[in-house]
Every structure is written in structure tokens, then in C-alpha cells.
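The chain contents come next:
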Amino acid sequence: MTACVSSPPPDQMARTKLQTAPADLQLLCADAAAKSAGLTQSKVLPTNSQQLDATTYRVELNATGRRFNCIIDNTGKVASVQPVA
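Residues numbered from 1 in each chain as written. Predicted model: local features only at pLDDT ≥ 70, side-chain atom pairs only at ≥ 80, totals over all residues. Heavy atoms only, no water.

The protein chain has the name PepSY domain-containing protein in an unreviewed UniProt entry, where Rhizobium calliandrae is given as its organism.

Peer 1: Quick question: what am I supposed to make of the nonpolar core here?
Peer 2: Soluble globular proteins tend to pack their nonpolar side chains together in the buried interior. Ranked by size, the top nonpolar core spans 17 residues in total, and within it Val44, Val59, Leu61, Phe68, Cys70 and Ile72 carry the most contacts. With near-sequence residues (within four places) excluded, Leu61 lies in contact with Gln26, Cys29, Ala30, Ala33, Val44, Leu45, Pro46, Thr47, Arg66, Arg67, Phe68 and Cys70. (Core = buried A, V, L, I, M, F, W, Y, C linked by side-chain atoms within 4.5 Å. Buried < 20%, exposed > 50% of the residue type's maximum accessible area, 1.4 Å probe, protein only. Contact = heavy atoms within 4.5 Å.)

Peer 1: I would appreciate a short explanation of the state of the cysteines in the present structure.
Peer 2: By definition, a disulfide links two cysteine residues through a covalent bond between their sulfur atoms. According to the stated counting rule, one finds 1 disulfide in the structure shown. Residue pairing for Cys29: its cysteine sulfur links by disulfide to Cys70, the two sulfurs lying 2.0 Å apart. Judged by the sign of its S-S torsion, about -70°, the bond between Cys29 and Cys70 is left-handed. Residue Cys29 is found in helix α2 (residues 23-37), and its partner Cys70 is found in strand β3 (residues 66-73); the two are separated by 41 residues along the sequence. Of the residues examined, Cys70 reaches a relative accessible area of 0% and is grouped as buried. (Disulfide = S-S within 2.5 Å. Helix = DSSP H or I, 4+ residues; strand = E, 2+ residues; numbered from the N terminus.)

Peer 1: Mind showing me how you'd approach the pairing of strand β1 (residues 44-51) here?
Peer 2: Strand direction decides the pairing type here: β1 and strand β2 (residues 56-63), joined by 7 bridges, are antiparallel. When the sheet's bridge partners are listed, Ser49 is paired in β2 with Val59. Hairpin connection, β1 to β2: the antiparallel pair is bridged by 4 residues. (Pairing = 2+ DSSP bridges.)

Peer 1: In this structure, what is going on with the pattern of salt bridges? I would like to understand it.
Peer 2: When their charged atoms lie close together, side chains carrying opposite charge are able to pair. Tallied over the entire structure, the rule returns 2 salt bridges. Between Lys35 and Asp31 there is a salt bridge, with the nearest N and O atoms lying 3.3 Å from each other. Of this pair, Lys35 and Asp31 both sit in helix α2, 4 residues apart, which is roughly one turn of the helix. For Asp31, a relative accessible area of 25% translates into the label partly exposed. Taking the shortest distance from any N to any O, the salt bridge between Arg58 and Glu60 comes out at 2.4 Å. With a relative accessible area of 19%, Arg58 lands in the buried category. (Salt bridge = Lys/Arg side-chain N within 4 Å of Asp/Glu carboxyl O.)

Take a look at the structure:
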């Protein structure tokens, strides 16, 4: 006899719990990190992002091997760009 295991509803699945930053905000962070690193924006790629609160996101970036964290709000205002040690 086998037990039937039901899947959780879509809104309870792990992948839907973490909100990522919209693409336009990730690109604004990439631009800010490029300026900070002295690179062109094409050399900076967003690698990860997450929503911190109702209006703020953290975007992780790779700038030709150097890592940066960018904090940006949902209006596109960059609060900070910091290199990751």
C-alpha cells in the first residue's frame, strides 16, 4: 500500500516565497555597480536578487569577477552599492 502525498498549493511552494527584483531594477543596479567599478555596464551581470521589504531589493552583481551588493527601492533609486569582501 502506498501513501498519496499531495503537493503544496503554488503560493506555498518555496520558489514562490522569495521575490526577486524586477529586471529593470537589476539593470539599474548593474549600471551603478559599473560606475563604481570603473567598467562599462556590459561587464556587470546581476547574479541574484531578493526583496528585503515592501519597497526594497538587494541585487548581487558580478563585475568581471568582483562581487557587489546593490540596495535599490521599487522606484529605481539606488541606496547603496558596496563591494563584497
